[in-house]
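# Fold and geometry: a report
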Amino acid sequence: MELISKYSYIWLCNNLMNKKIHFISDCEFFPNFNIEGYIKDINLSKSTSEILFTVAVKNKTLTIGSNMKNLQFEIMNEGI
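Residues numbered from 1 in each chain as written. Predicted model: local features only at pLDDT ≥ 70, side-chain atom pairs only at ≥ 80, totals over all residues. Heavy atoms only, no water.

## Points about the environment of F73
Heads up, the condition is: To qualify as a helix, a DSSP run of H or I must reach at least 4 residues; to qualify as a strand, a run of E must reach at least 2; elements of each kind are numbered from the N terminus. Throughout, exposure labels follow a simple rule: accessible area from a 1.4 Å probe, protein chains only, divided by the maximum for the residue type, with under 20% read as buried, over 50% as exposed, and the rest as partly exposed. Contacts between residues were defined by any pair of non-hydrogen atoms, one from each residue, lying within 4.5 Å.
As for its position among the elements, F73 is in strand β6 (residues 72-75). On the basis of relative accessibility, which here comes to 3%, the residue F73 falls in the buried class. In sequence terms F73 and E2 are 71 residues apart; their C-alpha atoms lie 5.4 Å from each other. When residues no more than four places from it in sequence are discounted, the contact partners of F73 are M1, E2, L3, I4, Y7, W11, L16, I21, H22 and F23.

## Here's the deal with the nonpolar core
What counts is decided by this rule: Joining through side-chain atoms within 4.5 Å is the link that ties buried Ala, Val, Leu, Ile, Met, Phe, Trp, Tyr and Cys residues into a set, and such a set is a nonpolar core.
L16, F23, I39, F53, V55 and I64 are the most contacted members of the largest nonpolar core, which has 19 residues in total. For this core, the secondary-structure elements that each account for two or more residues are α1 (9-16), β2 (20-25), β3 (33-44) and β4 (51-57). Contacts of I39, omitting those with residues within four sequence positions, involve L16, M17, N18, K19, I21, F23, F53, T54 and V55.

## A look at the environment of Y7
Just so we agree on the cut-off: N or O atoms within 3.5 Å of each other form a polar contact, as long as, within protein, one can give a hydrogen and the other can take it, and as long as residues adjacent in sequence are counted only when both atoms are side-chain atoms.
Looking at the secondary structure, you find Y7 in the loop between β1 (2-3) and α1. Each C-alpha atom, one on Y7 and one on I39, is 16 Å from the other, the two residues being 32 residues apart in sequence. The residues contacting Y7, other than those within four sequence positions of it, are E2, L12 and F73. Polar side-chain contacts of Y7 include one of 3.3 Å to the side chain of E2.

## Brief notes about the packing of aromatic side chains
Applicable threshold: Pairing of aromatic side chains requires ring centres within 6.5 Å, counting the rings of Phe and Tyr and the six-membered ring of Trp. Pairs whose planes differ by under 30 degrees are stacked, by over 60 edge-to-face, and all others tilted.
Within this structure, the stated rule accounts for five aromatic pairs. Taking the centre distance of 5.6 Å and the plane angle of 55° together, the rings of F23 and F53 count as tilted. Within this pair, whereas F23 is found in strand β2, its partner F53 is found in strand β4, the two being separated by 30 residues in sequence. Accessibility expressed as a relative area gives 0% for F23, which makes it buried. An aromatic cluster is built from Y7, W11 and F73, whose rings are joined through pairwise contacts.

In C-alpha cells:
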C-alpha cells in the first residue's frame, strides 16, 4: 500500500484511471475505510485543491478525497 499524498495529481491521473484500486484509510469520519473499485475520474477541487477520485464500487459511484487521513492505495489489476 502506498500513501496517496506521495504522488502528484498528474502521476495519479496517468497511472490510476480506469484501473481497479484498493483504498484504505484510518479517517475519524470513516473508521476502517476499506474499498475496492474502478477509478472513473480524477479531478481537483477548485476550492481546496484536494484530489477527488470518482470510484465505481458495485452499483454505486463514490467520491473519495485525497485529504482523508492516511489514505493509501494499491493497484489491483491493469484496468478494465
